[in-house]
Amino acid sequence: MPKAIREVYGAALAELGAQNEDIVVLDADLSGSTKSAMFGKAFPERFFNMGIAESNMVSTAAGLSTTGKIPFVNTFTVFLTTLGLIATRAQVCYGNLNVKFGGAYCGMSDAFDGASHHATEDIAVMRSLPNMTVIAPADAAATRWATRFAAETWGPMYLRLSRDVYPDLYPEDYPFQLGKGAIVREGRDVTVIACGLLVHNAIAAAEELEKEKGVSVRVVDMYSIKPIDKDLILRCAAETGAIVTAEEHNIYGGLGGAVSEVLAWGGAGVPTEFVGIQDTFTESGPYKQLLAKYGVDAAGVRAGIEKVLARKK
Amino acid sequence: MPITAQRTAELKTLCRRFRREALEAVAAIQSGHPGGSLSVCEILTVLYQERMRVDASRPDDPDRDRLVLSKGHAAPMLYCNLIEKGFLPKGSLSTLRRIDSQLQGHACIHTPGVDMSAGPLGIGLAAAQGMAMGLRLNGSAARVYCVLGDGETEEGAVWEAATSAPKFALDNLCAILDYNKVQLDGTTDEVMPLRDMPGKWTAFGWNVLRCDGHDIPALTEALDAAERCKGKPTIIIADTIKGKGVSFMEGKAAWHGKAISPEDLERALQELGGDK
């Protein structure tokens, strides 16, 4: 039974804490939700609850990193990437400091709390910062890898983490690599480039379409959003002739933006559709219903694929 | 140990030279912040030249004292001190704010001797707090200093760190407030009344000291008292004069971030006297 991504992250962090005593963890009064409390329980002397003060938390982490520590800061990512942003930009990224950002409750995964708690601009914000690495794991194995990778690799790094359970995709020993995406389903007619939950919804949409209409859909998990796998994007454009991006994020500036930059740079010239939140604020509700209403469930991805296929000559 | 009269005289001479050099650099590029550099002169000079344990031959010494210049616009006075300590080459102040220079308008951590980037106000104290936490975890006796502007305390983030540093009992952290009572648009009373400054920090749980921020023996004494205080962080509220040392700049908001004309520079240098 797969566990919620936040649980997987919290356990991975606590495990890393046992192996490396330079790891310190900070939270802004949400450690029970982000699961950083699992680290706090195991290593109370290296866990700092900063209270509801995100800017303070990120600046403190910046200072800690200059003394050889490897700080992981944690809170709901909608707050981390807004209230924590000035310190992230001016201290952490400008200084290329070794601070890790555990962005909990990405997309609409904090469903019932509504638009104020949904993170739908965080990829755009974080990937626009020089020196920042952006990783969005789509399953438990990827989350464990990303957490370990962050601890072992110098520099500012943002992990986009869900509150929710994701089905397993990868074997534990899958060779994840920064700057690489993974083809998780082969196909010839169109490629869906997705991250996080949308990888799973893309696979579901692909299977439906194959069964019902005989369409062959490739699905790429673009877990490394920055740096991004340019070769794979251009290869998919050349081989399948149409691209759909899919993310639990505004269609502007996120994965769709990153993929488009590569397609334009490479002169790919293939029809592209963007599955994501359509530049609107969301609302409270059950997660599944939100995903459906805002067009990011399997049906939403399917609609995107059908649109792009209609444009493909 | 109290500072000797001879050392005090040496530092006074140094401060006069730093004031001249900072003004010349700001005038040369016709951009920068003369007022705040002049008010913080003795604070930074006493810290770097007298009390902080830093050695330019070992810039990465894990047990070195740290300083976060949270009021980053006073960078020229920081650079004067770093040049004097040997972190930066002599003469490099003339490259201030110029293309390809190490000396950014607001100090950046990539510049030798600079412990934290600054510029956006309000976030330096929390970074200093993080350094103090890390040093304590490392078992280091090093101290962390954070120099704040008074206008800067209008930023909420200052009070986030003011709240948390006493929680963590960071007695290796010492903030120094350059309390010159003037900011860009006017006096602090006009722009945003700061009210009972010592009372605010006391209420937040800090050890609060107060001194004349241009009085070298008083500053050293306050820094030593801060080091003796255990169980909580200290703030030294240092009463200063914006533009100190140049009569026509003193207390004038207009000189917060104004370019200096050649004529005004000449008048200022004459007032500051001494060898060029």
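Above this note sits the structure.
What this report covers is the structure whose coordinates are included nearby.

What counts and how
- Residues numbered from 1 in each chain as written.
- Chains lettered and ligands numbered in written order.
- Predicted model: local features only at pLDDT ≥ 70, side-chain atom pairs only at ≥ 80, totals over all residues.
- Heavy atoms only, no water.
- Helix = DSSP H or I, 4+ residues; strand = E, 2+ residues; numbered from the N terminus.
- Rg over C-alpha atoms; globule rule 2.2 N^0.38 Å.
- Contact = heavy atoms within 4.5 Å.
- Areas by Shrake-Rupley, 256 points an atom, 1.4 Å probe, with all protein chains shown as cover.
- Lys, Arg positive; Asp, Glu negative; His and termini not counted.
- Charge placed at Lys NZ, Arg CZ, Asp CG, Glu CD.
- Buried < 20%, exposed > 50% of the residue type's maximum accessible area, 1.4 Å probe, protein only.
- Expected span 1.5 Å × (residues − 1).
- Pairing = 2+ DSSP bridges.
- Axes fitted to C-alpha atoms, helices over the stretch in contact; angles between N-to-C directions.
- Buried area = accessible area lost by both parts, 1.4 Å probe.
- Salt bridge = Lys/Arg side-chain N within 4 Å of Asp/Glu carboxyl O.
- Polar contact = N/O pair within 3.5 Å; in protein donor to acceptor, adjacent residues only side chain to side chain.
- Phe/Tyr/Trp six-rings, centres within 6.5 Å; stacked < 30°, edge-to-face > 60°.
- Lys NZ or Arg CZ within 6 Å of the ring centre and 35° of its normal.

## Some words on the overall build of chain B
Tallying secondary structure elements over chain B gives 10 helices and 7 strands in all. Whereas a compact globule of 276 residues would reach a radius of gyration of roughly 19 Å, chain B reaches 17 Å, a difference of no more than 12%. For the C-alpha atoms alone, the extent of chain B along its principal axes is close to 50 × 45 × 40 Å. For chain B, restricting intrachain contacts to residue pairs at least 6 apart in sequence, the fraction spanning at least 24 positions comes to 77%. On chain B, roughly 10,700 Å² of surface is accessible, and the fraction owed to carbon and sulfur atoms is 51%. Between the mean site of the 32 positive side-chain charges and the mean site of the 36 negative ones, chain B shows a separation of 2 Å.

## Details of the overall build of chain A
When helices and strands are counted, chain A shows 13 helices and 12 strands. Its C-alpha radius of gyration of 19 Å places chain A within 12% of the 20 Å reference for a compact globule of 313 residues. Along the first, second and third principal axes, the C-alpha atoms of chain A reach 60 × 40 × 35 Å. Buried residues in chain A amount to 64% of all 313 residues.

## Focus: unusual backbone geometry
The step from A:K226 to A:P227 runs through a cis peptide bond, and the omega angle for that step is 0°. With respect to the helices and strands, A:P227 occurs in the loop between β10 (224–226) and α10 (230–240). Even without a glycine there, the phi angle at B:A169 is positive, about 50°. By secondary structure assignment, the location of B:A169 is in the loop between α6 (156–167) and β3 (173–179). Phi at B:K181 takes a positive value of approximately 65°, unusual for a residue other than glycine.

## A look at helix α1 (residues 5–19) of chain A
Compared with an ideal rise of 1.5 Å per residue, which puts 15 residues at 21 Å, α1(A) spans 21 Å between its outermost C-alpha atoms and is within 8% of the ideal. Those residues of α1(A) not exposed but buried are A:I5, A:R6, A:V8, A:Y9, A:G10, A:A12, A:L13, A:A14, A:L16 and A:G17.

## Points about the sheet that holds strand β9 (residues 217–221) of chain A
Consider a sheet: its strands pair through backbone hydrogen bonds, and that pairing is either parallel or antiparallel. Residues and elements named next belong to chain A. The mixed open sheet is built from 5 strands, whose spatial order is β7-β9-β8-β11-β12. The strands lining the two open edges of the sheet, one partner per strand, are β7 (182–185) and β12 (272–277). Strand-to-strand twist across the sheet, computed as the mean angle between neighbouring axes with direction ignored, equals 25°.

## A look at the interface of chain A and chain B
Listed by partner, the interface residues are 25 residues for chain A and 27 residues for chain B. Together chain A and chain B conceal approximately 2,000 Å² of surface at their shared face, both sides included; 65% is due to carbon and sulfur atoms. It is A:T67, A:Q91 and A:Y94 that lose the most area in chain A upon contact with chain B, and together they represent 26% of the buried surface on that side. The interface formed by chain A and chain B includes 0 salt bridges. Our count for the chain A to chain B interface comes out at 11 residue pairs in polar contact (both at pLDDT 80 or more). Elements supplying a minimum of two residues to the side of chain A that touches chain B: β2 (47–49), α4 (54–65) and α6 (85–93) of chain A. Among the elements that line the side of chain A that touches chain B, the one with the most residues is α4(A), at 8 residues.

## Observations concerning the packing of aromatic side chains
Summed over all chains, the structure comprises 15 aromatic pairs over all chains. In textbook terms, an aromatic cluster arises when at least three aromatic residues are bridged by ring pairs, as seen for A:W145, A:F149, A:Y170, A:Y174, A:F176 and A:Y223. Geometry around A:W265 places A:K230 over its ring, the cationic atom sitting 4.5 Å from the centre. The cationic tip of B:K258 hangs over the ring face of B:W255; the distance from NZ or CZ to the ring centre is 4.5 Å.

## Considerations on the pattern of salt bridges
When the charged atoms of two side chains with opposite charge come close together, those side chains can pair. One pass over the full model with this rule turns up 32 salt bridges over all chains. For A:R218, the salt bridge identified is with A:E239, shortest N-O distance 2.8 Å. Highlighted residues: A:R218 in strand β9 and A:E239 in helix α10, separated in sequence by 21 residues. Among the residues examined, A:E239 registers a relative accessible area of 42% and is labelled partly exposed. Among the ionic pairs, B:D115 bridges to B:R64, the shortest N-O distance being 3.3 Å. With B:D115 in the loop between α4 (75–85) and α5 (124–137) and B:R64 in the loop between α3 (41–51) and β1 (66–69), this residue pair connects regions lying 51 residues apart in the sequence. Take B:D115: its relative accessible area is 8%, and that puts it in the buried class. What makes B:R64 buried here is its relative accessible area of 14%.

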